[in-house]
Amino acid sequence: MIKQSIFATALLFLIASFVFAQTTGKDYTAQAYQFYQQGKFEKAIDAAEKAVKIEKLNQSKDSSSYVNTVLNLARINQGYFIELQNRNERESGSFSEKVEIYKKSVKIGADTEKLLREVIKINGKNSRDQTEQTANAKVELSSLVQKFNPEPSVQNSRARIDEAERLLTEALSTSEQIRGKDDDKTLENVLLFGDFYKKYVNFEKALPFYERYFETSERANKKYPEMENALRAYASIMSVTFQDEKVKETLKKIENITNKRAELPTEKVYLNLRSKDAINFSSDISRDRKNSGNRGVDGNIKFVRIPIKVVVDENGKIIEAVAESDDEKVRRQAENEISKWSVRPFSYQSTAHKMRGYLTYLEKK
C-alpha cells in the first residue's frame, strides 16, 4: 500500500513537471501581463515568478532572457507596491486593516528592490552596465528607494535620497551615450531629474533640467505629453521665488498647449528641507516621541501640525510668518518660533531672489 502511494505521488510529480515544462516562459509572461492589466496583481506576480523559474531552468542566470523575466517581475511588483500605498491613502479602513496593507507593501517593496538590484548586478558583471535595460532599471530603482524606506530614520532617509540621485545620474549618462542627448527617452530622464530636485526643494538644481527639457523640445519642435506638467512645475518654482513675470509667460505656454485658461500654482511648497532649524526641530520632536512617557494609545505623543506661511528674504531670513491656526495662543507661539529660523537662500544665475512658501511647526497636544 505504501509502495502504491509512493508510486502515485511520483507519477503526479512527473505529470506536474511535464505540464510545467509545456508552458513556456513567454506564456507565463503573457499571462502576467494580462493579469496586471486587469489589476490582479497577485496573480500577475505568481505568473511572472513562474516565468523566472522556467528561464532559470533553461538559461544561465547571466543570460539576457533570464534578466528580462526578472525585470518584468520587478515591474509588476513595483506596480503592486504603488497600488498598496495608494490604497492605504485613499481608503478609510480600520487601523488593523491599514496595518496589514502596510505590512504587505513593505514585503512587496523589499521584493521589488531585491529584483531590481539583481538586474543591475548581473548586467554589471556581464559588461551590460552601459545598456538601455540597465539605465531603465536604475531609473526604476531610484523611484523605488524614494518611495520605500524599510528602516525610516533621518540618516537612512538621507542615504537613500543620495542613492536615488546617484542612480539617476548614472542612468542619464548612459542614456545620453547610447541614445543621444536629444532622444525622447533621454529627455524623460532629464525631466525625472528636474522633478527629483524639485521634490526635495533644491530649486537651483531642478531649474537647469527643466530649462534643458524646454529648450530641446522647442528646438526640435516637439510637444511632449509631459510638457504641461513640466511647465506647471517650472511655474511653481518661479512663483515660490517671486519671479512673477516668468510665471505669466509659463502659464501662457500652458494655455497654448491646453487651449484652456491656466491658473496660478496653488500647491503649498514646504521649505523645511532648506532649513537646518526645521530639520533639527523635527529631529527633536522625534526624540521626544521616543523618550517621553506621555504617550497616546498607539504609543506616540500627539502633535498638531501647523502650516506657517512664510516669506524669506534674499539672505534666508524669515521676514513674514503667518500661522494657519484658530488658536490665537498657539498661532502666536508658532509664528514667534518660526521667525527665529533661517532658510537656505535662493540664488540662480548669480541673482538672489526672495522666496514664499510654508514651514511646518508641530505643537504638542
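What comes next concerns the included structure.

1. Here we look at the overall build of the protein
Consideration 1: Check the secondary structure of the protein and you find 13 helices and 5 strands.
Consideration 2: Looking at the 365 residues of the protein, the share that counts as buried comes to 41%.
Consideration 3: Per element, the accessible surface of the protein, about 21500 Å² overall, is 51% carbon and sulfur.

2. Thoughts on the side chain of threonine 134
Consideration 1: For threonine 134, the location among the structural elements is in helix 6 (residues 132-147).
Consideration 2: By relative accessible area, threonine 134 is classed as buried at 1%.

3. Some remarks on the packing of helix 2 (residues 25-37) against helix 4 (residues 64-90)
Consideration 1: Running from amino to carboxyl end, helix 2 crosses helix 4 at an angle of 15 degrees, the nearest separation of the two axes being 11 Å. When the axis of helix 2 is compared with that of helix 4, the two are roughly parallel. The chirality of how helix 2 crosses helix 4 is left-handed. Mapping the contact onto sequence places Thr29, Ala32 and Tyr36 in helix 2 and Asn72, Arg75, Ile76 and Gly79 in helix 4.
Consideration 2: In terms of residue class, the contact of helix 2 with helix 4 is made up of 3 nonpolar, 3 polar and 1 charged.

4. What about helix 11 (residues 244-258)?
Consideration 1: The end-to-end C-alpha distance of helix 11, which contains 15 residues, comes to 21 Å, matching closely the 21 Å that a straight helix rising 1.5 Å per residue would cover.
Consideration 2: Taken as a whole, helix 11 has its buried residues at Val247, Thr250, Leu251 and Ile254. On an axial view of helix 11, the arc spanned by its buried residues comes to 100 degrees, and they lie on one face. Exposed residues pointing more than 90 degrees away from the buried face of helix 11 are listed as Glu245, Lys248, Glu249 and Asn256.

5. Observations regarding the nonpolar core
Here is a general trend for soluble globular proteins: nonpolar side chains tend to be buried in one another's company.
Consideration 1: Of all hydrophobic cores here, the largest spans 90 residues; its most connected members are Phe203, Tyr210, Tyr213, Ile308, Val310, Ile318 and Ile338.
Consideration 2: Sort the elements by how many residues they give to this core and helix 4 lands first, with 10 residues.
Consideration 3: Setting aside anything within four residues of it in sequence, one finds isoleucine 318 in contact with Val310, Val311, Val312, Ile338, Ser339, Trp341, Val343 and Leu359.

6. Digging into the packing of aromatic side chains
Consideration 1: Under the defined criterion, the tally for this structure stands at 16 aromatic pairs.
Consideration 2: Judged by centre distance (5.2 Å) and plane angle (70 degrees), the rings of phenylalanine 196 and tyrosine 197 are edge-to-face. The pair phenylalanine 196 / tyrosine 197 is uniform in exposure class, with both members buried.
Consideration 3: Put simply, the rings of Phe193, Phe196, Tyr197, Tyr200 and Phe209 touch in pairs and so form one group of aromatic residues.
Consideration 4: Positioned over the ring face of phenylalanine 242 is lysine 354, at 4.8 Å from the centre of the ring.

7. Description of the environment of serine 283
Consideration 1: Assignment of secondary structure puts serine 283 in helix 12 (residues 276-291).
Consideration 2: For serine 283, a relative accessible area of 19% corresponds to the buried category.
Consideration 3: Sequence-wise, serine 283 and valine 154 are 129 residues apart; in three dimensions their C-alpha atoms are separated by 7.9 Å.

Parameters and conventions
Throughout this description, residue numbers start from 1 for each chain and increase along the sequence as written. Residue-level local features of this predicted model are given only where pLDDT is at least 70; pairs of side-chain atoms are given and counted only at 80 or more, and the full residue set underlies all totals for whole chains, interfaces and linings. In computing side-chain values, all of the structure's heavy atoms are included and hydrogens and water are not. Runs of H or I in DSSP of at least four residues are treated as helices and runs of E of at least two as strands, each being numbered from the N terminus. Partly exposed describes any residue whose relative accessible area lies between the buried limit of under 20% and the exposed limit of over 50%, with all areas from a 1.4 Å probe on protein chains only and scaled to the type maximum. Only the protein chains shown count as covering a residue, and every accessible area follows the Shrake-Rupley method with a 1.4 Å probe. Inter-axis angles, ranging from 0 to 180 degrees, are taken between N-to-C directions of lines fitted to C-alpha atoms, where helices are fitted over the stretch in contact. Roughly parallel means an angle under 35 degrees; roughly antiparallel, over 145; roughly perpendicular, 65 to 115; everything else is oblique. Whether a crossing is left-handed or right-handed is set by the direction in which the near helix is turned from the far one by less than a right angle, anticlockwise for left-handed and clockwise for right-handed. Here a residue-residue contact requires only that any non-hydrogen atoms of the pair lie within 4.5 Å. Residue classes follow a fixed rule: Ala, Val, Leu, Ile, Met, Phe, Trp, Tyr, Cys and Pro count as nonpolar, while Asp, Glu, Lys and Arg count as charged, and any other residue, Gly among them, counts as polar. Expected span of a helix: the number of residues minus one, times 1.5 Å. Taking the helix axis as origin, the arc is that swept by the directions to the C-beta atoms. The definition of a nonpolar core used throughout is a set of buried Ala, Val, Leu, Ile, Met, Phe, Trp, Tyr and Cys residues joined through side-chain atoms within 4.5 Å. Pairing of aromatic side chains here covers Phe, Tyr and the six-membered ring of Trp, requires ring centres within 6.5 Å, and sorts the geometry by plane angle: under 30 degrees stacked, over 60 edge-to-face, intermediate tilted. Our definition puts a charge over a ring when NZ of Lys or CZ of Arg is within 6 Å of the ring centre and also within 35 degrees of the ring normal.

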